[in-house]
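The lines below spell out each chain.
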Amino acid sequence: MLIQELRAYAEDRLALPPPMYQEQPIRYLIALRADGTMVGTMRDLSSPQDKKLKRGLPMLAPHVKRTVGIRPKLLADTAPYVLGLAGDGAKGGRAEQQHTQFVELVDQCREATGEPSVAAVSSFLAALDRDTLPLPADFDPTGTITFEIGPERERPIDLPSVRAFWASMNSAEEDGDNAALLTCIGCGQQRSALERHPIKIKGVPGGQILKDLVSANAAAFESYGLTASQIAPMCQSCAEAYGNALNALLADKRTSLWMKEGAYAFWTRRDVDFAPVSLFLNPDEHQVVVRSLLDAWKRGTAAALELDPTPFFGVGLGASGARLVVRDWIDTSVGDAKTRLGRYFALQQMVEWDGSPGEAVALYRLTGATVRDSRKDDPPPVVSRSLIRLALVGSPLPMDLLYLAVRRNRAAQDVTRERAMLIKMVLCSQGNEGDETTMSDLDQENINPAYLCGRLLAALDQIQGLAIRNANAGIVDKFYGSASSAPASVFGTLLHGAQAHMGKLRRDMPGAHYRLEQELEEITAPLASFPKTLTLEEQGLFALGFYHQRAANRRAARDAKARNEAASNDEV
């Protein structure tokens, strides 16, 4: 399904290059007369100041995937092939072999096409004298070189006959005596199956820069006598189509989502106005869209959700050496994806640290909440994959994410908004529809012992903070880990120690003492006893109770300060 949809995207939505052509930077241009003599010096088309032109001028040029063997590209290649000039540290003998094969390929093209401009290049190569060849001062042998002929500056690589010859050359290689005639998984036709797919996928994080989607290099990966890429039989046109499509999707910021641990590509079968990437990366900049999806999901009205049946696809990619790893495949519709996005943002609803209403956060903030330092540490791939599947397919988040968040809480002795949000998303996504809007703020009706214990730790921390200003280490710093996993082992001691603090508050801050005493009674009244241990899910509830109570305390303090300031202004 993946290959078929990528092939359809390439054919319906992309301006495909000619067969076996790819856009690539051309660094140098050699101008020739019709007789093959060189005009002036080699022209450098690069511009170091321009990011797009740093390696040369992008052009459609013949392409071939090379490994360790010698394989020239027609009329546009590097200096060892075009001129027989080896770079620093390269073997001169290999450069001679590369140049010889390049010349032979040009001569074949001249005979097959009869093009005068190809004949001019052939004449130039036949008379080439490397010792007298004028080269730029900073000549780079790895830069791609091509030719232009005559005053019209005709480039042989642009000629239809040359392009047809190059396509036939590569087709002939694949249709040789040893070619396997198999059913192509892309088009379903009986075609010659490629041993090596012609286009590598660019830039997916991890492993090498260029990667193969389909390949096998050991007997353990082969079956039915098929080797290399023939394990998933594909014809030339389908292999080029899916490669061009995937590279185009990954190169477009509107259709690709990049993370440290991998990348996603998204597309629709026809062009519609739907770009989930921006909602994942910058929900704060698209609050109007976020709120519309959220409101429509809450109302549950099909008209509000604009249930578009257009097929919507996504593929999650990772890397292993020189190979791509397909980690996820999403096959849904635009309408269903919008519905799930509304639920995703509902699950994200969480009060801010100071008790104010909170907005949705970017995906990287949620994934980064599972590691110590999101700038240095890579989250496990399961985190981003699970969140994206929740957002677009509605799959519940696995308990692995709850474990990662709880573990970070204990290590940091604190609960951040992102981790509280992630815990809530795991717990609520596992439940029934309608649970998404719960656990966003302090729930005074929740009498779950784990939730109450989390609230109690936050209340005791506030008592200590008011009684002892600027303490070196608070009870949260010392006891969060124990309190969140084995409450019975610490809360007796903590409550006993709080009595002295409450006595001080009764003397110095009677108003705060009264409020906190009421709060302690409210929290502890439903607790017949403290649990000896808490399960993973209960530790998540503990974290939510702790975070909610702290946020409520800060909100109450802010409101009290505002009331006092207003009263002072009235007296004045």
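Note that this is a predicted model, so its numbers are computed, not measured. (Residues numbered from 1 in each chain as written. Predicted model: local features only at pLDDT ≥ 70, side-chain atom pairs only at ≥ 80, totals over all residues. Heavy atoms only, no water.)

(A) Spatial organisation of the environment of K376. Among the structural elements, K376 can be located in the loop between α11 (363-368) and α12 (381-392). Sequence separation between K376 and K260 is 116 residues, and the spatial gap between their C-alpha atoms is 9.8 Å. (Helix = DSSP H or I, 4+ residues; strand = E, 2+ residues; numbered from the N terminus.)

(B) Structural view of the packing of helix α15 (residues 449-467) against helix α16 (residues 475-485). In the contact formed by α15 and α16, the axes pass within 11 Å of each other and the chain directions differ by 165 degrees. Here α15 lies roughly antiparallel to α16, going by the angle between them. The interaxial crossing formed by α15 with α16 has right-handed handedness. Across from L457, L460, D461 and Q464 in α15, the residues of α16 making contact are I475, V476, Y480 and A483. In terms of residue class, the contact of α15 with α16 is built from six nonpolar, one polar and one charged. (Axes fitted to C-alpha atoms, helices over the stretch in contact; angles between N-to-C directions. Parallel < 35°, antiparallel > 145°, perpendicular 65-115°, else oblique. Left-handed = near helix turned anticlockwise from the far one by under 90°. Contact = heavy atoms within 4.5 Å. Nonpolar A, V, L, I, M, F, W, Y, C, P; charged D, E, K, R; others polar.)

(C) Representation of the sheet that holds strand β13 (residues 323-333). If you trace the four strands from one edge of the open sheet to the other, you get β10-β11-β12-β13, paired in antiparallel fashion. Among the strands making up the open sheet, the edge pair consists of β10 (256-259) and β13. Geometrically, the sheet is characterised by an average inter-axis angle of 15 degrees between neighbouring strands, direction not taken into account. Alignment of strand β11 (residues 262-268) against strand β12 (residues 311-320), held across six bridges, turns out to be antiparallel. Its bridge partner being in β12, F266 is matched across the sheet by G314. Seen against the sheet, helix α1 (residues 2-13) touches β11, β12 and β13 and runs at an angle of roughly 60 degrees to β11. (Pairing = 2+ DSSP bridges.)

(D) Region of interest: the packing of aromatic side chains. Summed over all chains, the structure comprises 15 aromatic pairs. On the basis of an interplanar angle of 35 degrees and a centroid distance of 4.9 Å, the ring pair of Y28 and F139 is categorised as tilted. Of this pair, Y28 sits in strand β2 (residues 28-32) while F139 sits in the loop between α4 (116-126) and β5 (145-149); the two residues are 111 residues apart in sequence, bridging distant segments of the chain. There is no split in this pair, since Y28 and F139 are both buried. (Phe/Tyr/Trp six-rings, centres within 6.5 Å; stacked < 30°, edge-to-face > 60°. Buried < 20%, exposed > 50% of the residue type's maximum accessible area, 1.4 Å probe, protein only.)

(E) Quick peek at the side chain of S440. With respect to the element layout, S440 can be found in the loop between α14 (417-429) and α15. For S440, a relative accessible area of 15% corresponds to the buried category. A polar contact of 3.0 Å, which involves the side chain of S440, links it to the backbone oxygen of Q349. In this structure S440 touches Q349, M350, V351, K424 and H548, once residues within four positions along its chain are discounted. (Polar contact = N/O pair within 3.5 Å; in protein donor to acceptor, adjacent residues only side chain to side chain.)

(F) View of the side chain of E418. By the element assignment, E418 lies in helix α14. Setting aside chain neighbours within four positions, we find E418 in contact with R365, L366 and A369.

(G) Representation of the sheet that holds strand β3 (residues 43-44) in the model. With respect to topology, three strands assemble into an open sheet ordered β3-β2-β5, the strand pairing being mixed. The sheet terminates laterally at β3 and β5, the two strands that pair on one side only. Judged from the five bridges that link them, β2 and β5 form a sheet pairing that is parallel. Across the sheet, I30 pairs through a bridge with F147, a residue of β5.

(H) Fine view of α12. Taking 1.5 Å per residue as the helical rise, α12 with its 12 residues ought to reach 16 Å, and the 17 Å between its terminal C-alpha atoms agrees with that figure. Listing the buried residues of α12 in full gives V383, S384, S386, L387, I388, L390, A391 and L392. Immediately beyond the C-terminal end of α12, within one or two residues, lies G394, with a positive phi of roughly 90 degrees. (Expected span 1.5 Å × (residues − 1).)

(I) Representation of unusual backbone geometry. A positive phi angle is found at M20, which is not glycine, with a value near 60 degrees. Of note, M20 is situated in the loop between α1 and β1 (21-26). The class of M20 is buried, set by a relative accessible area of 4%. The backbone of M439 shows a phi angle near 60 degrees, a positive value even though the residue is not glycine.

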